[in-house]
Amino acid sequence: MLLTVRLWGPLARYAEERGGPEFTLEVAGGTTVDALVDLLGVPREYVSMVSVNGAKAARDRLLADGDIVHVLPLVAGG
Amino acid sequence: MSAYQGVVLRVDLTARTARREPLNEEWARLFWGGKGLGYRYLFEELAPGTDPLGPGNKLLLVPGPLTGTVVPCSGKLTIVTRSPATGTVLDCSVGGHFAGELRFAGYDLVIIEGRAGEPTVLRINDGEVAFEPAGDLWGRGTHETEHRLLERWGADNRILSIGPAGENLVPFACITAELYRQAGRGGVGAVMGSKNLKAIAVRGTGAVRAADVGRLMEVALKALREDVLTDTNLWAYTDGTPMIVELSQNAGILPTRNFQEGTFEGYQNLSSPAVQAVRSAKKGCLSCGLGCGNYIRPGRAAVEGPEYETLSVAGANCGIGDLEAVAAFNAACDDLGLDTISAGGAVAFAMELTEKGIHDFGLRFGDTERYLAMPGLIARREGTGAELAAGVKRMAERFGGLDFAMQVKGLEFPGYEPRGSWAMALAYATAPRGACHMSAWPVAEEAYGERDPFTIEGKAELVRDLQHYNAFKFSLPLCDFWALSWEAMAELASAALGRECTPAELQLAGERIFNLARLFNLREGFTGRDDTLPARLTRDPLPSGAAAGRFIPPEQFAAMLAEYYRLRGWTADGKPTPERLAALGLAALGARAGI
């Protein structure tokens, strides 16, 4: 299935070989949010939130074809 | 005492005198600097019931023991006073370079008291203090004021100034540094205005002496390489706070149309990619490797900012999804000397009162033209601006809408919808200065992180611990955006002070400082009944987003608050017990607050 993925902020460096922070990615059916983060090579401890189609998603959520996935870094303060 | 200059500068504006006093070393040991040391001096200096806008109130400028050293992210200045918005103790911090300059001039603390007979600029030039006339600056914006003073005295001065809002005693007037940096909340600018003090200039040519320079250099450089410039903190450099728009929207906690909703259809125009698309430069404070500031030029507007709080509370919360408009509102507030959070909150509240037919302010959500007119009207107290200048709480008392007047203790809400972050509700209710995001920021763990945001389970402990963390961190003071550990703070403090500090000692200091703020407020008549929330949050479910259908049931909020008091060693009505105060070394101060 095909996903659109965007890595935010400093996490964009994990997508340097993919041509930029936003890219499409073919993954196997049954891939969860956490599995995608691992596949991207982003250490989980640097991830604050993963959103799917504009809303915060549980890490064990199964992704579906056409999902738009944003991986957001830790933040502090406000 | 290494890392301290050992000098307090006491300025009496009435008598036009300035004198140097020795720093109280015991207080410095127990309360450090910044927030904590400011609280300790203010508790001593103010008689209970002092009018915040009278000559009896005092304005304290407080750097800390790490300010002006090589320690990263140590450029913050804390300003402490009694708030004209809330009547509580108030501390505000501002970045830039003023704090370091004040230490280079040789001071750990400046106490400003009295009231000048005419508009005045206080000029501190190392050991010399002068009272300069400011009649030609009165009525002018902070930008022109700062430019003129730098022209007059040289660009190596650092300036704090107020705009017309502070002169006109608007209770959410701020103090501006370096054009776009603010000590924003609770009306510090009005206190300055009440003293006829238009600006403060400082120039210092000295240095700060650490106990072990070699060790401090080593620890600070290691921290910079391994703990600051990392994937944990670099969001501040790559994006800055506009990134939080994306997090809040996805978590369903982006305040929208006066907290009626938690998601905003126009959020993408306010989010980080939109800001980056018009970014022209970055800026950092003294000693900062992160440089979170964004200079942007959307359309005809130009500003350093807007920060997340402005994008949310003065953007989505007013139904404004136009970055150029929010930037223009931001720039106007900065120049006029208005806190964008409270200004945005007052405008949003007036919009809802108008749309509900309760009182017609001629303001509607999304009406950019009227929205952009409001900062000037508020700062000058003209037309409807005179009513908004009272702030949300007083507006509600006069016109109605108390259930959706988004304030606690008289301070307007910042940009986090607590129905989607229940610990944030507790943080708002219990922060010493009212609805504040700087006392504790649990959204990172729950709304943006992995903890369930819709439960009270474990939240009292989370908020308590974060309050101690910030109370201490802001007493060094270090910037909010460096997420360093207690151990790292202990290591930096040990090298600077020349005595071994443990994380446990620092944690106890954080608790001591937080409790001292509570004692100040108790002495002013606040009680546990003031630790409350607007009814909207405990009654009305959010209509959309990741927190759709959520509200905080009142009995659950009460249970969370009760657990919080218990964990703190406070009574059921929110007073610290004599036993807990004794353990914190605060027994004598407790007695002066009626405990």
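So, a few notes on the structure that sits alongside this text. Please read all numbers here as calculations on a predicted model, not as lab measurements.

Parameters at a glance
- In this numbering scheme, every chain counts its residues from 1 along its sequence in written order.
- Following the order in which they are written, the chains are lettered starting with A and the ligands numbered starting with 1.
- Given that this is a predicted model, residues contribute local features only at a pLDDT of at least 70 and side-chain atom pairs are listed and counted only at 80 or more, while totals for whole chains, interfaces and linings are drawn from all residues.
- Heavy atoms from the whole structure form the basis of all side-chain values; hydrogens and water molecules are not counted.
- Patch members must show over 30% relative accessible area and no salt bridge, and they are joined within 9 Å when carrying like charges or within 5 Å when they are nonpolar side chains of Val, Leu, Ile, Met, Phe, Trp or Tyr.
- Per-residue accessibility takes into account occlusion by the displayed protein chains alone, with areas from the Shrake-Rupley method and a 1.4 Å probe.
- Throughout this description, the term salt bridge denotes a Lys or Arg side-chain nitrogen within 4 Å of a carboxyl oxygen of Asp or Glu.
- In DSSP terms, a helix is any run of H or I states spanning at least four residues, a strand is any run of E spanning at least two, and both are numbered starting from the N terminus.
- Note on classification: 1.4 Å probe, protein chains only; a residue is buried when its accessible area is under 20% of the maximum for its type, exposed when over 50%, partly exposed between these limits.
- Throughout this description, a polar contact denotes any pair of N or O atoms lying within 3.5 Å of each other; where both atoms belong to protein, one of them has to be capable of donating a hydrogen while the other can accept it, and for residues adjacent in sequence the pair is counted only when both atoms sit in side chains.
- Should any heavy atoms of two residues lie within 4.5 Å, those residues are counted as being in contact.
- When DSSP finds two or more bridges between two strands, those strands count as paired.
- What counts as an axis is a line fitted to C-alpha atoms, over the stretch in contact for a helix, and the angles between N-to-C directions run from 0 to 180 degrees.
- Grouping buried Ala, Val, Leu, Ile, Met, Phe, Trp, Tyr and Cys residues that are joined through side-chain atoms within 4.5 Å yields what is termed a nonpolar core.

### Thoughts on a nonpolar patch on the surface
Thinking step 1. On the surface, a cluster of nonpolar side chains totalling about 330 Å² of accessible area is made up of B:Val70, B:Val213, B:Met217 and B:Leu221.
Thinking step 2. Looking at the secondary structure, you find B:Leu221 in helix H7 (residues 213–228).

### Let's talk about unusual backbone geometry
Thinking step 1. Here the residue pair B:Gly305 and B:Pro306 is connected by a cis peptide bond, since its omega of -15° sits within 30 degrees of zero.
Thinking step 2. Assignment of secondary structure puts B:Pro306 in the loop between strand E15 (303–304) and helix H11 (308–313).
Thinking step 3. One non-glycine residue, A:Asn53, lies in positive phi territory at about 55°.
Thinking step 4. By the secondary structure assignment, A:Asn53 is in the loop between strand E3 (47–52) and strand E4 (55–56).
Thinking step 5. A relative accessible area of 44% means that A:Asn53 is categorised as partly exposed.

### Describing the side chain of B:Thr310
All names here are of chain B.
Thinking step 1. Tracing the chain through its elements places Thr310 in helix H11.
Thinking step 2. With a relative accessible area of 4%, Thr310 lands in the buried category.
Thinking step 3. Engagement of the side chain of Thr310 in a polar contact is seen with the side chain of Thr340, the distance being 2.9 Å.
Thinking step 4. The residues contacting Thr310, other than those within four sequence positions of it, are Gly315, Val326, Asn330 and Thr340.

### Quick word on the sheet that holds E15(B)
Residue and element names in this part refer to chain B.
Thinking step 1. Across the sheet, three strands lie side by side as E13-E14-E15; this open sheet has antiparallel pairing. Edge positions in the open sheet fall to strand E13 (279–283) and E15, since each of these has one partner strand only.
Thinking step 2. In this structure, strand E14 (residues 293–296) lies alongside E15, joined through two bridges in antiparallel fashion. Pairing of Ile296 across the sheet is with Val303, part of E15.

### A short note on the pairing of strand E6 (residues 109–113) of chain B
Residues and elements named next belong to chain B.
Thinking step 1. Among the five residues in E6, five count as buried, and that is most of the element.
Thinking step 2. Alternating positions in E6 separate into two faces, Leu109, Ile111 and Glu113 on one and Val110 and Ile112 on the other, with burial throughout.
Thinking step 3. Sheet topology note: the strand E1 (residues 7–12)/E6 ladder contains five bridges and is parallel. The partner of Asp12 across the bridge, within E6, is Glu113.

### What about the sheet that holds E3(A)?
Thinking step 1. What the five strands build is an open sheet, ordered E2-E1-E5-E3-E4 (chain A); its pairing is mixed. With partners counted over all chains shown, the strands left at the sheet margins are strand E2 (22–26) and E4 of chain A, one partner each.
Thinking step 2. With respect to the sheet, helix H9 (residues 243–251) of chain B is in contact with E3, E4 and strand E5 (68–73) of chain A, its orientation differing from that of E5(A) by roughly 125°.

### Structural notes on the nonpolar core
Across soluble globular proteins, nonpolar side chains have a tendency to be buried as a group.
Residue and element names in this part refer to chain B.
Thinking step 1. Grouped together as the largest cluster of nonpolar side chains are 165 residues, with contacts concentrated most on Trp32, Val347, Tyr371, Leu388, Tyr416 and Tyr448.
Thinking step 2. In this structure Val347 touches Cys318, Phe329, Leu363, Tyr371, Met374, Ile378 and Leu388, once residues within four positions along its chain are discounted.
Thinking step 3. Of all hydrophobic cores here, the second largest spans 33 residues; its members include Val7, Ala99, Ala177 and Val191.

### Describing the pairing of E1(B)
Working note: regular strand, side chains alternate between the two faces of the sheet.
Residues and elements named next belong to chain B.
Thinking step 1. For E1, the tally of buried residues reaches five of six residues, placing the bulk of the element in the interior.
Thinking step 2. In terms of strand pairing, E1 meets strand E2 (residues 17–22) through six bridges, oriented antiparallel. Note that in E2 the partner of Leu9 across the bridge is Arg20.
Thinking step 3. Linking two consecutive strands that pair antiparallel, namely E1 and E2, is a turn of four residues; a positive phi of about 55° is found at Arg16 within it.

### Quick look at the pattern of salt bridges
Pairing is possible between side chains of opposite charge, provided their charged atoms come close.
Residue and element names in this part refer to chain B.
Thinking step 1. As enumerated under the stated definition, the model contains 43 salt bridges over all chains in all.
Thinking step 2. Among the ionic pairs, Glu511 bridges to Arg580, the shortest N-O distance being 2.8 Å. Taken together, the positions of Glu511 in helix H20 (residues 503–523) and Arg580 in helix H23 (residues 578–583) put the pair 69 residues apart, joining distant regions of the chain.
Thinking step 3. On the basis of relative accessibility, which here comes to 25%, the residue Arg580 falls in the partly exposed class.
Thinking step 4. Connected through salt bridges with shared partners, the residues Arg10, Arg19, Glu21, Glu45, Lys58 and Glu113 form a single ionic network.

Note that all results are geometric; they support no functional claim without further evidence.
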